[in-house]
Amino acid sequence: MRLSPAFTAYAEALWKARREALGGWGDVWEREIAAAGEDGALLRYILGALPLSDLGEYPASLFVGFARHARYVREAFPWCAALPEPLFLRGVLCPRINTEELADCRGLFCRELEPLVRGLALGEAILEVNRWCAQHVTYRSTDDRTSSPLAIYRRGWGRCGEESTFTVTALRSVGICARQVYAPWWSHCDDNHAWVEAWDGEAWRYLGACEPEPELDRGWFTGAAARAMLIHTRSFVGGLPAPAWLFPGVDPVDLDVRGGVAYEALTARYAPVQVCTVTTEPGARVVFSVMNMAGLRPIAHRTADGAGAARLRLGLGSVHVTAEGDGFFAEALWDTRAGAHLVLKEGAGPGAFTFTAPAPPERFPPALTPGQKAQRARVLEEAEEKRAAWQAAFAGPGKEAGGIYAQVAGQVTEKDRADGLDPQVVEDCGRALAWEGQFPEEVFLRDLLSPRIGLEPLRPWRGGALGVGDPGLLPAWIEAHFAPLRGYEALPQSPRSALKLRAVGESGRRVLFCALCRQMGVPARLSALDGEPEYWQDGGFRRAGGDLPASLRLRAPQGRGGLCGQDYTLSRWQEGEWKALSTGDVPGGGELVVPLPPGAYRLFTVVRLPNGSQLCRQVDLELAGGEGCEALLDFPRAAGAQLLQQLPLPPFSLGMPGGEAQASASVLAQAAYSLLCWLEPGREPTEHLLLELREAASGLSAQGEACALYLLTPEGKGGDPALGRLLGALPGARLWQGDFSELPGLSRQLFVDPERLPLVLLADAGGRGLYACSGYNVGLGALLLRLLQAAGEAGEEG
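Some words on the overall build of the chain
Here is step 1 of the chain: Assigned secondary structure in the chain consists of 26 helices and 36 strands.
Here is step 2 of the chain: Here the C-alpha radius of gyration of the chain, 28 Å, is about what a compact globule of 798 residues would show, namely 28 Å.
Here is step 3 of the chain: On the principal axes, the C-alpha backbone points of the chain span a range of 80 × 70 × 65 Å.
Here is step 4 of the chain: Of all 798 residues assigned to the chain, the portion counted as buried reaches 55%.
Here is step 5 of the chain: Restricting the contact set of the chain to residue pairs at least 6 apart, pairs at least 24 apart contribute 67%.
Here is step 6 of the chain: Total accessible area computed for the chain in this model is approximately 32400 Å², and 51% of it derives from carbon and sulfur atoms.
Here is step 7 of the chain: Within the chain, one finds 77 positive and 95 negative side-chain charges whose respective centroids are separated by 3 Å.

What follows is the structure in structure tokens.
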């Protein structure tokens, strides 16, 4: 395998910089590089490009294995041999995709996949790998820790960030250049999403991880991505400036390198964009955020150049911008549709505002042909059968396990147990038994015995002498004995890695504090409020940095509670960003008292509209030590017309009596408005909806021919008594039975949960969705009547 002189020089420079940071450990790694022989240059690149904490976390043999496997696939697969060197380095060689734990699995995956992809065209090979992934892993909502691809493979489930990590690893294992793509936060709905892009020899093509389709550039998230403000991918490049040759053809406007990671914006591949320029103070740190989960969530960072300009490509909608420099702070709400240039001067943001989501797409990919639909159904059915058999083979330890294992297993997450507890970690936890009985049982088990502190990899770290015995002195001791670890702060670091390197990042410092407390027999934990460390003293927990001398009393109006992270968020200004706190829910008519450190705070109350935009109110608070303050959760109110979307619907089919199918366009054209309800007869959410529709029957009947009501059930499920009662109250309603196979895709295009029935859709004759929801929501019947009234009024005004 030939390596360019530019690469070998860069790999040497990366390693030289990394070796200096390793101190005495550098000699150990030098011997590994020398032993790697012809793979030495690849190994230098890996060791220099990855975050430093990885070298304290994993054995040298793991990285040697990554280098050797990369050489193998470069020589064994024609599509890998044809890759330009930069794509090979970033999209095949690099062991890390995001924040996952690393594991030796590429050889295993390659042995399973190589017989399946040999002889295929590259595009078909990409699809085949994704089919294999679906046979082993499916989606399940879980915690934010990202398991290794090997652990995901064995347990058979993971969230989208884990599915995409697994799929990228599988593709790279057979030499296919691949990367994880992220919408860090959506604008039109809460949460985020990750998927995969793979290089087909000519261009990047996207696919849903573990969600096989008959062709590339197809996924349920296509419509959602078209509404994103920012979409990016990550490449790990180490501590040196990334050379231009490593990113050929990438516009510098789309590239942000910080903390050893290159963030390449890909938004223009999915959504309408424009180059946006913020003018502020030279050298200012500029943060771009969107409203998500009722708070400001950063999506991008830039540093203003010598002329005070910060540029990036953004979608067309609202973005919140802050700029902070030496004695300088400014912020503004910016609608990029109104202009591509923002002059950011000192001043605060608005008190009440609408955060506008980018518009939904006008076009969707062409519908699958009947043959493609049949093929897709066969593939999904086969994947489900194989996955069930696969998961049964890796059921994990049985419930009969007892002793210290049972104690430890009871204190970690389901994911930790499914991934398998390392016997060395369990044995290490046994050291805590020396203090059993000295604390309340729950405190002992959860905050002393347990190996889990945050999202860090589980490693044995207890034992060894400490130079301090008082938890109150630990922060200063850590400051004096551990160098600051600057890099990819999102990557969790275990206490063992910190102790080995004698270097720790900010989040790792909090975990290390708790670990050292537990090592000395003192229960410790991370605060649920803000993740700061707390330790047990005098019968209760106290903060490592001192008690919280201020407080905020949050009150909710009668009949309208506030869900933290959904209806409201309290944020604190910290490290140049508004960081959301987990304060807890506030009951309607009730209150919640939150102890807080002094500082600047911002309270957001939010109502998300069906079109994805948000009505927001902002209250700024300054809390000093010893002070108490009170704030009301004052929620914005939406006008009737604001509740209506104008969402172009993709084509879909509806099953009719007699087993026929009719195109959605012809069905919707028969009335001014159509109310379609996909039901799950016999299930409680559907029964509640049917009851509410019956209670709203007089109002629905008053619509006459202006609104057609369709009740849709799976084949053979139309005999529910509740359905009969509703049809008696609404004789004009039509009961149709048919195939629900298109429902997941339609649900996702409507930005509602495809896993929750019933699904309710209000559409107009022009094929636009006015409102959609999944699952049962109290008061839905009355809301539908209000929406129909608003739609009629809007139609009259139009």
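Don't stop here, the text continues.
Quick look at helix α3 (residues 40-49)
Here is step 1 of the chain: Most of α3 is tucked away, with nine of its 10 residues classed as buried.
Here is step 2 of the chain: All of the buried residues along α3 are G40, A41, L42, L43, Y45, I46, L47, G48 and A49.
Here is step 3 of the chain: In this structure, the buried residues of α3 make contact with α1 (5-22), α2 (25-35), α4 (52-57), α5 (60-76), α7 (85-93) and β6 (232-236).

Looking at the side chain of R313
Here is step 1 of the chain: Within the element layout of this structure, R313 appears in strand β12 (residues 309-315).
Here is step 2 of the chain: The class for R313 is buried, based on a relative accessible area of 18%.
Here is step 3 of the chain: Within the structure, the side chain of R313 is placed 2.9 Å from the side chain of D251, a separation counted as a polar contact.
Here is step 4 of the chain: There is a polar contact of 3.1 Å between the side chain of R313 and the side chain of D254.
Here is step 5 of the chain: Other than its neighbours up to four places away in sequence, R313 contacts M229, L230, D251, V253, D254, T267, A268, V273, Q274 and V275.

Focus on the nonpolar core
Here is step 1 of the chain: Counting residues in hydrophobic clusters, the biggest one holds 88 residues, and the most contacted among them are Y45, F63, F77, F88, V129, F166 and I176.
Here is step 2 of the chain: Residue contacts for F77: discarding those within four places in its chain leaves Y72, C110, E114, V117, R118 and V174.
Here is step 3 of the chain: Grouped together as the second largest cluster of nonpolar side chains are 37 residues, C189, I231, L649 and L757 included.

Focus on the sheet that holds strand β8 (residues 261-265)
Here is step 1 of the chain: Strand order in the open sheet formed by six strands is β5-β4-β3-β6-β8-β7, and the pairing between neighbours is antiparallel. Looking at strand neighbours, the two that pair on one side only are β5 (204-207) and β7 (255-258), the edges of this open sheet. Neighbouring strand axes in the sheet, compared pairwise and without regard to direction, differ in orientation by 30° on average.
Here is step 2 of the chain: Taken together, the four bridges between β7 and β8 define a ladder with antiparallel strand orientation. From the neighbouring strand, V257 faces β8, where its bridge partner is A262.

Re the sheet that holds strand β36 (residues 768-774)
Here is step 1 of the chain: Reading across from one edge, β29-β36-β35-β32-β33-β34 is the order of the six strands in this open sheet, with mixed pairing throughout. Two strands in the sheet have a free side with no partner beyond their single neighbour: β29 (647-648) and β34 (734-738).
Here is step 2 of the chain: Direction of pairing for strand β33 (residues 707-714) relative to β34: parallel, over a ladder of five bridges. Residue pairing across strands places P714 opposite G738, the latter belonging to β34.
Here is step 3 of the chain: Sheet strands touched by helix α24 (residues 721-729): β33 and β34. Its angle to β33, the strand with the most contacts, is close to 165°.

A look at unusual backbone geometry
Here is step 1 of the chain: The backbone of D191 sits at a positive phi, close to 85°, despite the residue not being glycine.
Here is step 2 of the chain: Mapping D191 onto the fold places it in the loop between β3 (178-183) and β4 (193-199).
Here is step 3 of the chain: One non-glycine residue, C210, adopts positive backbone phi at about 60°.
Here is step 4 of the chain: With respect to the helices, strands and loops of the structure, C210 is situated in the loop between β5 and α12 (222-225).

Description of the pattern of salt bridges
Here is step 1 of the chain: Taken as a whole and assessed by the stated rule, the structure comprises 60 salt bridges.
Here is step 2 of the chain: With a shortest N-O distance of 2.2 Å, D27 and R19 are connected by a salt bridge.
Here is step 3 of the chain: For D27, a relative accessible area of 40% translates into the label partly exposed.
Here is step 4 of the chain: E532 serves as the salt-bridge partner of R510, at 3.1 Å between the closest nitrogen and oxygen. Of the two residues, R510 sits in helix α20 (residues 506-519) while E532 sits in the loop between β19 (524-526) and β20 (533-537), which places them 22 residues apart along the sequence.
Here is step 5 of the chain: Using a relative accessible area of 17% as the deciding quantity, one classes R510 as buried.

Looking at the packing of aromatic side chains
Here is step 1 of the chain: Under the criterion given, the structure shown has 30 aromatic pairs.
Here is step 2 of the chain: Ring centres 6.0 Å apart and planes at 55° place the aromatic pair F513 and Y535 in the tilted group. Note that F513 is positioned in helix α20 and Y535 in strand β20, a separation of 22 residues in sequence. Y535 matches F513 in its accessibility class, with the two residues each being buried.
Here is step 3 of the chain: Through a chain of ring-to-ring contacts, the aromatic side chains of W186, W195, Y206, W220, F221 and Y270 assemble into a single cluster.
Here is step 4 of the chain: Against the face of F77 rests R118, its NZ or CZ located 4.4 Å from the ring centre.

Things to note about the packing of α3 against α5
Here is step 1 of the chain: In contact at an axis separation of 9 Å, α3 and α5 are set at 125° when each is read in the N-to-C sense. Accordingly, the angle class assigned to the pair α3 and α5 is oblique. Considering only the axes of α3 and α5, their crossing is right-handed. Judged by residue contacts, L42, L43, I46 and L47 of α3 engage F63, V64, F66, A67 and R71 from α5.
Here is step 2 of the chain: Of the residues in the contact of α3 with α5, the class split is eight nonpolar, no polar and one charged.

Concerning α5
For an α-helix, 3.6 residues make a turn, and residues three or four places apart therefore share a direction.
Here is step 1 of the chain: Between its first and last C-alpha, α5 extends 25 Å over 17 residues, near the 24 Å set by a 1.5 Å rise per residue.
Here is step 2 of the chain: Burial analysis of α5 places 12 of its 17 residues in the buried class, the great majority of the element.
Here is step 3 of the chain: Burial in α5 covers these residues: A60, L62, F63, V64, F66, A67, H69, A70, R71, V73, R74 and A76.

Points about the packing of α2 against α3
Here is step 1 of the chain: At a minimum axis distance of 8 Å, the contact between α2 and α3 shows a crossing angle of 145°. You can see that α2 and α3 cross each other, and the crossing is right-handed. Facing W29, E32 and I33 of α2, the residues of α3 in contact are G40, L43, R44 and L47.
Here is step 2 of the chain: Looking at side-chain class alone, the contact of α2 with α3 contains four nonpolar, one polar and two charged residues.

Digging into the environment of A672
Here is step 1 of the chain: Here A672 shows up in the loop between α21 (664-668) and β32 (673-678).
Here is step 2 of the chain: Taking the C-alpha atoms as reference points, A672 and F77, separated by 595 residues in sequence, lie 57 Å from one another.

Let's talk about the state of the cysteines
Here is step 1 of the chain: This model, assessed by the stated rule, comprises zero disulfides.
Here is step 2 of the chain: This cysteine, C276, is not joined by any disulfide, and C616 carries the nearest cysteine sulfur, 19 Å off.

Structural notes on the environment of A374
Here is step 1 of the chain: Among the secondary structure elements, A374 is positioned in helix α13 (residues 370-393).
Here is step 2 of the chain: Judged by its relative accessible area of 34%, A374 is partly exposed.
Here is step 3 of the chain: Considered as a pair, A374 and P214 are 160 residues apart in the sequence and their alpha carbons are 9.8 Å apart.

Re the environment of P366
Here is step 1 of the chain: Summarising the element assignment, P366 is placed in the loop between β16 (352-355) and α13.
Here is step 2 of the chain: Judged by relative accessible area, which is 64%, P366 ranks as exposed.
Here is step 3 of the chain: Taking C-alpha positions, P366 is 32 Å from E114, a pair spaced 252 residues apart along the chain.

Brief notes about the side chain of R145
Here is step 1 of the chain: Its place among the elements puts R145 in the loop between β1 (138-139) and α10 (149-155).
Here is step 2 of the chain: Residue R145 is classed as buried on the basis of its relative accessible area, which comes to 4%.
Here is step 3 of the chain: R145 has contacts with E101, R159, E162, K415, D416, D419, R452, L455 and E456, leaving out every residue within four places of it along the chain.

Calculation notes
- Residues numbered from 1 in each chain as written.
- Predicted model: local features only at pLDDT ≥ 70, side-chain atom pairs only at ≥ 80, totals over all residues.
- Heavy atoms only, no water.
- Helix = DSSP H or I, 4+ residues; strand = E, 2+ residues; numbered from the N terminus.
- Rg over C-alpha atoms; globule rule 2.2 N^0.38 Å.
- Buried < 20%, exposed > 50% of the residue type's maximum accessible area, 1.4 Å probe, protein only.
- Contact = heavy atoms within 4.5 Å.
- Areas by Shrake-Rupley, 256 points an atom, 1.4 Å probe, with all protein chains shown as cover.
- Lys, Arg positive; Asp, Glu negative; His and termini not counted.
- Charge placed at Lys NZ, Arg CZ, Asp CG, Glu CD.
- Polar contact = N/O pair within 3.5 Å; in protein donor to acceptor, adjacent residues only side chain to side chain.
- Core = buried A, V, L, I, M, F, W, Y, C linked by side-chain atoms within 4.5 Å.
- Pairing = 2+ DSSP bridges.
- Axes fitted to C-alpha atoms, helices over the stretch in contact; angles between N-to-C directions.
- Salt bridge = Lys/Arg side-chain N within 4 Å of Asp/Glu carboxyl O.
- Phe/Tyr/Trp six-rings, centres within 6.5 Å; stacked < 30°, edge-to-face > 60°.
- Lys NZ or Arg CZ within 6 Å of the ring centre and 35° of its normal.
- Parallel < 35°, antiparallel > 145°, perpendicular 65-115°, else oblique.
- Left-handed = near helix turned anticlockwise from the far one by under 90°.
- Nonpolar A, V, L, I, M, F, W, Y, C, P; charged D, E, K, R; others polar.
- Expected span 1.5 Å × (residues − 1).
- Disulfide = S-S within 2.5 Å.

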